[in-house]
Amino acid sequence: MARASASWERLVEAVLTRATREPHGRTPSGIADSVPDSLQGSTDINSILQAADEIQSEDPNVARILCEQAYTMAPNLDPKSEGRGVLQFKTGLMSVIKQKLAKKDGGQFDRNRDIERLWEFYCNYKRRHRVDDIQREEARLRESGTLIDDTGELDLRLLEMKGVFATLRALAVVMEALSKDADPNGVGRHIMEDLKRIEKSRDTISGDLIPYNIVPLDGPSLTNAIGHFPEIKGAISAIRYTDHFPQLPADYDVNGQRTLDIFDLLEYVFGFQRDNIRNQREHVVLTLANAQSRLGIPNGSDPKLDERAIRDVFLKVLDNYIRWCKYLRIRVVWNSLEATNRERKLFFVSLYFCIWGEAANVRFLPECICYIFHHMARELDAVLDQGEATHARSCTSEQGSVSFLDQIILPIYETMKEETLKNNNGKAAHSKWRNYDDFNEYFWSPSCFDLSWPMNKESPFLWKPRKGKRTGKSSFVEHRTFLHLY
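If you're wondering where the values come from, they're calculated on a predicted model, not measured in any experiment.

Calculation rules
Residues numbered from 1 in each chain as written. Predicted model: local features only at pLDDT ≥ 70, side-chain atom pairs only at ≥ 80, totals over all residues. Heavy atoms only, no water. Helix = DSSP H or I, 4+ residues; strand = E, 2+ residues; numbered from the N terminus. Buried < 20%, exposed > 50% of the residue type's maximum accessible area, 1.4 Å probe, protein only. Contact = heavy atoms within 4.5 Å. Areas by Shrake-Rupley, 256 points an atom, 1.4 Å probe, with all protein chains shown as cover. Axes fitted to C-alpha atoms, helices over the stretch in contact; angles between N-to-C directions. Parallel < 35°, antiparallel > 145°, perpendicular 65-115°, else oblique. Left-handed = near helix turned anticlockwise from the far one by under 90°. pLDDT = per-residue confidence, 0-100. Core = buried A, V, L, I, M, F, W, Y, C linked by side-chain atoms within 4.5 Å. Salt bridge = Lys/Arg side-chain N within 4 Å of Asp/Glu carboxyl O. Expected span 1.5 Å × (residues − 1). Phe/Tyr/Trp six-rings, centres within 6.5 Å; stacked < 30°, edge-to-face > 60°. Lys NZ or Arg CZ within 6 Å of the ring centre and 35° of its normal. Disulfide = S-S within 2.5 Å.

Draft legend 1. Geometry of the overall build of the protein. If you tally the helices and strands in the protein, you get 17 helices and zero strands. Residues classed as buried in the protein amount to 46% of the 486 residues present. When contacts within the protein are restricted to residue pairs at least 6 apart in sequence, those whose partners lie at least 24 apart make up 68%. Approximately 27000 Å² of the protein is accessible, and the part contributed by carbon and sulfur atoms is 50%.

Below, the structure is given as structure tokens:
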């Protein structure tokens, strides 16, 4: 039995290693990048294993600590190993840990000293890679406003720095988990103090090391010139937070080196996901910059966007919402276009993009998006008239957590999913289940406001199909007969 188990572990590890074989024949040293999708959603398992591979040759003992921590995180996400490849991943990871535990002298590791070993390696790693010196040098370049033209050597250095900072972040995650059981007066205190410094040091990391799509907004880039374009500067200035906006809590955390902007308020009020906020912030900046570039490049050291550029973006983005309101003969959220200042226009545009970006399959229901925007824009309008920012009631759960995805999108998505499961892989009659058009056509008449706001979870619109029964179609029902060729 022992031989069979050992053979199985070797087989799993070989398969995982072969699956992660990189181009040109280079093979990773472990099972990093083999983490199943179901285990990658909200954890750092993959980055921890990559760090373990990186430092395996330097300190196998620390690599073993990282692998064991990754292994303890996996069961919390998928206790029954139901996800695809989860069982194989856990088995392969356990075999790697066993190999690391197999010492030549047959001795045992003292796990009570793991946190001390990890802290010692962490300090030596920072000194060896001159992390503090690198951050001071970048701060000096940023203060001088220098844009480096010769990026060849710098690109190589940035690539190396990305790996160093990724390893440091992985080590910090593991130290934070292990420090809960450490002596608060001993190494645990040093770890907590350094973790606080790490949070602050993220503000000094170059924008080249922070992921972005086109425009580095979380930190100034030393190599990307797009952030120095006047229209980009004008767009960034247009969404910047001002004193007459509602005050955010003092402990609100701002990522990177940027200042507060209107997206921070949207994130706090409605509970949008941080990655969605980052994507839509860049989306709005580029959209505004493109509109301004068609009208002319702004001049001056502090360029400003033309009012016409903001108006054009506002009317283009919210065109479907405006036409939807006219069709249902209801008033739009704003009183009049002339009476709406540029800040409110940018708030409404940004809110629409954030809703669309986090709507999942619901974004295929354009009039449903209009309905959601109509009510959320009203909530936003009320918040903007207050002195302090508050959470939107529609996005707040009974437990007090704020999440647009959970409170608004998930109920609609789950209903759509249940209806889709009834279509018998596309073979069921159209009259037997509701498709995207049926859900969307619900919002083509004023009766859609019976759904109310916050949404009534008992509304017929959100009824899930039951066996032997169906929810009525919204309007036209297509019945197919043998006369249909397709």
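Structure's up, so let's keep going.
Draft legend 2. The arrangement of the packing of helix α14 (residues 342-357) against helix α15 (residues 366-384) in detail. One way to put it is that α14 packs onto α15 with a least axis distance of 10 Å and a crossing angle of 135 degrees. Compared by their axis directions, α14 and α15 come out oblique. The two elements α14 and α15 meet at a crossing, and its hand is right-handed. Residues R344, F347, F348, L351, Y352 and I355 of α14 form the contact with α15, whose own contacting residues are I369, I372, F373, M376, A377, L380, D381 and L384.

Draft legend 3. Seen up close, the confidence of the model for the protein. For the protein, per-residue confidence averages 76 on the pLDDT scale, and 62% of positions sit at 70 or higher. Ranking the helices and strands of the protein by mean pLDDT puts α14 first, with 96, and helix α1 (residues 2-19) last, with 54.

Draft legend 4. Representation of the nonpolar core. Ranked by internal contacts, the top residues of the largest apolar core, which has 82 residues, are F270, F272, L351, I372 and M376. For this core, the elements supplying multiple residues, two or more each, are α9 (230-238), α10 (262-270), α11 (274-295), α12 (307-317), α13 (319-328), α14, α15 and α16 (404-420). With eleven residues, the single largest contributor to this core is α15. The contact partners of I372, leaving out residues within four places of it in the chain, are I355, F404, I408, I409, I412 and W453. Counting 27 residues, the second-largest nonpolar core is a separate cluster that includes I55, W119, V131 and A170.

Draft legend 5. Representation of the pattern of salt bridges. A full pass over the atoms with the stated rule returns ten salt bridges. In this structure, R281 engages D261 in a salt bridge whose closest nitrogen and oxygen atoms are separated by 2.6 Å. In this pair, R281 sits in helix α11 while D261 sits in the loop between α9 and α10, placing the two residues 20 residues apart along the sequence. As far as burial versus exposure is concerned, R281 and D261 are alike and both buried.

Draft legend 6. Local environment of α15. Between its terminal C-alpha atoms α15 stretches 26 Å, which fits the 27 Å expected from 19 residues at 1.5 Å a residue. Counting buried positions along α15 yields 15 of 19 residues, so the element is predominantly enclosed.

Draft legend 7. Spatial organisation of the environment of I409. Within the secondary structure layout, I409 lies in helix α16. Placed 48 residues apart in sequence, I409 and N361 show a C-alpha to C-alpha distance of 9.0 Å. When sequence neighbours within four positions are dropped, the list of residues in contact with I409 reads E358, A359, A360, V362, I372 and F404.

Draft legend 8. A look at the side chain of S403. With respect to the element layout, S403 can be found in the loop between α15 and α16. A relative accessible area of 14% places S403 in the buried class. What S403 contacts, discounting residues up to four positions off in sequence, is F270, G271 and C395.

Draft legend 9. Main features of the packing of aromatic side chains. Counted by the stated rule, this structure contains 21 aromatic pairs. Here F314 and W334 contribute two aromatic rings whose centre-to-centre distance is 4.8 Å and whose plane-to-plane angle is 65 degrees, an arrangement assigned as edge-to-face. Placement of the pair is F314 in helix α12 and W334 in the loop between α13 and α14, with a sequence separation of 20 residues. Each member of the pair, F314 together with W334, is buried. For the cation-ring pair, R363 lies above W356, with the distance from its terminal atom to the ring centre recorded as 4.5 Å.

Draft legend 10. Representation of the packing of α15 against α16. With their axes 12 Å apart at the nearest point, α15 and α16 run at an angle of 150 degrees to one another. Here α15 lies roughly antiparallel to α16, going by the angle between them. Helix-helix and strand crossings are classified by hand; for α15 and α16 the assignment is right-handed. Each of C368, I372 and M376 in α15 lies in contact with α16, whose residues at this interface are F404, I408, I409 and I412.

Draft legend 11. View of the environment of R294. With respect to the element layout, R294 can be found in helix α11. Since its relative accessible area comes to 66%, R294 is described here as exposed. Separated by 15 residues in sequence, R294 and A309 place their C-alpha atoms 8.5 Å apart.

Draft legend 12. Molecular detail of unusual backbone geometry. The step from W453 to P454 runs through a cis peptide bond, and the omega angle for that step is -5 degrees. Following the sequence through the fold, P454 ends up in the segment after α17 (436-441). Positioned with a positive phi, S452 is a non-glycine residue whose angle comes to about 60 degrees.

Draft legend 13. Representation of α11 within the structure. When the terminal C-alpha atoms of α11 are compared, their 32 Å separation across 22 residues agrees well with the 32 Å that a helix rising 1.5 Å per residue should span. Where α11 is buried, its residues contact α9, α10, α12 and α14. Phi turns positive, to about 135 degrees, at G296, one or two residues after α11.

Draft legend 14. Representation of the state of the cysteines within the structure. Inspection of every chain in the model, using the stated rule, returns zero disulfides. Distance from the sulfur of C448, which forms no disulfide, to the nearest cysteine sulfur (C368) is 9.3 Å. For C448, a relative accessible area of 0% puts it in the buried group.

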